[in-house]
Amino acid sequence: MRLYIGAPTLLAALFFQAACARPDPPSVRAASGTAAAAPAPRRETRITGTIEAVHSSKILVPQIYGQGGALTLTAFIANGSHVQQGDLIANFDATQQLDNVRDAQAKFDDLSHQVDQKRAQNHADGEKRISDLQQAQADLAKAELELKKGPILSEIERLKNEQHAAIARLHVDSLKRSGVLRDQADAAALRYLELQRDRQKVTLERYQNNIQSLEIHAPLAGMVAHEMVFRNNSMAHAQEGDQLYRGQPLVSIFDPTEMVVRCTVEEPDDVALSPGSAATVYLDAYPELVLPAHLKSASPVAASALGSPIKTFIALFRLDRTDPHILPDLSAAVVIRHDSPSAAGGAE
C-alpha cells in the first residue's frame, strides 16, 4: 500500500531536520598567562619654529649725505648667488655725487687760496705795523733828545720840544694799543676763513664717502637672498634701473652651512629639553626632508602673553647637517622623542 505525503508536511519535516543539524557554538580557549608584554609606548614633543642662519647680515639702501631722494640701482647681483667677503653686491648711480664732489672741491680750493692770501696779508700788515711803531719810537727818542737842549734854547723852542715829545709819546702808545687790536682782528678773520675751509673739506670728504657708499660689498661669505621692496604699486624684488629710497632693505646674506631653528616652547614642555637634546626637524615646505638637530641654547627666562597662564621661552636647535633646500624664514617642526613616564608606570 503506498503512502502519499502532502507538500506542506514535507516542508515541515525538512525544517525540523535542519534545526536538529545546527553545529555547536565554537569553544573559547583561555589566553595563556605567559603572553609577551607589549612594548612601552614612546612620547613625542613637537615644537614649531622658523629656520635662521647663525651668521647673516641684512644690507640696506645706503644712507648718504646730502639732500634726500631716490637712488638709481645700476648693478645688482642675482638672487641665490654665492659670494665671498668683499664681492660687489650692488651699485647705485653716482653721477650727482660726482658733480657734488667737483663743486665741493672747487669751493675748497678757493677757500684754501683765500686762507693763504689772508695769512700773507696779515703778515705784511703786521710787519708794516712793526715798522710804524719803530718809526714812532725813533721820533719819540729824537723828541726826548731835543728836550735835553732846554737850558740852551729859548722858552718857545723848549715848549715846542716838550709838545713834540708829548705827541710822539701818545703816538707810540696809540700804535701799541692799535697794533694789538689789529693783530687780534687779523687773526680772527684768518681763523674764520680757516673754519670755512675746514667745513668745506668735511663736506668734500662726505661727498667722496657717498661715492664709496654707493658701491655695496659683501660683509661676509654666503648666499644672497633678495628682499621684497615696494615697486610699481606692489611688493617685488628690486631690479636694475629701479628708484630706491635710503634705508630700504635690499638683500640678505647668510651662511648656509650653519643654520638653527628658533622655537617658542611652552613651559610645560621644558621637561623634554636638556643640554644637547637630540631632535628631528621636518620642513613644512619639503615634507620628505628630515634633518637631525640638537638643542643649542634655551632662554632661562619664560614670559607669558597678557591674560595667558602659560609661559613660553625661546629655544634654538642647531641642524647637524645642511641641505640646499634650507633657507631662512622657512617654517619647521622640531620633534623630540623620549620615554613616556605615564606609559612606564602603567607597564609596571
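Our subject is the structure that appears above.
So, here's what we can say about the structure. No experiment lies behind these values; they were computed from the predicted model shown. (Residues numbered from 1 in each chain as written. Predicted model: local features only at pLDDT ≥ 70, side-chain atom pairs only at ≥ 80, totals over all residues. Heavy atoms only, no water.)

Another point: the layout of surface pockets. Computed from the structure, the largest pocket encloses a volume of approximately 360 Å³. As for the largest pocket, its lining consists of 18 residues, and the residues nearest its centre are Ala 225, Ser 252, Phe 254, Pro 328 and Asp 329. Those elements giving two or more residues to the lining of the largest pocket turn out to be strand S1 (42-53), strand S2 (56-60), strand S7 (222-226) and strand S11 (249-254). Element by element, the count of residues in the lining of the largest pocket is highest for S7, at 4 residues. A breakdown of the residues in the lining of the largest pocket according to their chemical character gives 8 nonpolar, 6 polar and 4 charged. By volume, the second largest pocket is sized at about 290 Å³. Put simply, the parts of the chain that give the lining of the second largest pocket at least two residues each are strand S3 (71-76) and helix H2 (95-147). In terms of residue count, the dominant contributor to the lining of the second largest pocket is H2 (4 residues). Here the lining of the second largest pocket is built from residues that sort into 5 nonpolar, 10 polar and 2 charged. (1 Å grid on protein atoms, 1.4 Å probe; cavity = no way out; pocket = protein on both sides within 12 Å on 5 of 7 lines; lining within 4 Å. Points joined across faces, edges and corners; volume = space filled by probe spheres on them. Helix = DSSP H or I, 4+ residues; strand = E, 2+ residues; numbered from the N terminus. Nonpolar A, V, L, I, M, F, W, Y, C, P; charged D, E, K, R; others polar.)

Once that is clear, we can look at the sheet that holds strand S6 (residues 215-217). Read across the sheet, 4 strands follow the order S6-S5-S3-S10 without closing on themselves; strand pairing throughout is antiparallel. Strands with a single pairing partner mark the edges of an open sheet, and in this sheet they are S6 and strand S10 (243-244). Alignment of S3 against strand S5 (residues 88-92), held across 3 bridges, turns out to be antiparallel. Following the sheet pairing, Phe 76 is matched in S5 by Ala 90. (Pairing = 2+ DSSP bridges.)

Here the focus is the sheet that holds S2. What the 4 strands build is an open sheet, ordered S2-S11-S7-S4; its pairing is antiparallel. Of all strands in the sheet, those bounded by a partner on one side alone are S2 and strand S4 (82-83). Judged from the 4 bridges that link them, S7 and S11 form a sheet pairing that is antiparallel. Residue pairing for S11: Met 223 is matched across the bridge by Phe 254.

Moving on: the environment of Ala 221. For Ala 221, the location among the structural elements is in the loop between S6 and S7. For the pair Ala 221 and Asp 255, spaced 34 residues apart in sequence, the C-alpha separation works out to 6.7 Å. Filtering out sequence-adjacent residues up to four positions away, Ala 221 remains in contact with Val 83, Gln 84, Gln 85 and Asp 255. (Contact = heavy atoms within 4.5 Å.)

Looking at the element boundaries, Gln 248 is found in the loop between S10 and S11. Those residues in contact with Gln 248, other than ones at most four positions away along the chain, are Ile 59, Leu 60, Val 61, Val 229 and Phe 230.

Honestly, that's just the spatial picture; any functional story needs more than this.
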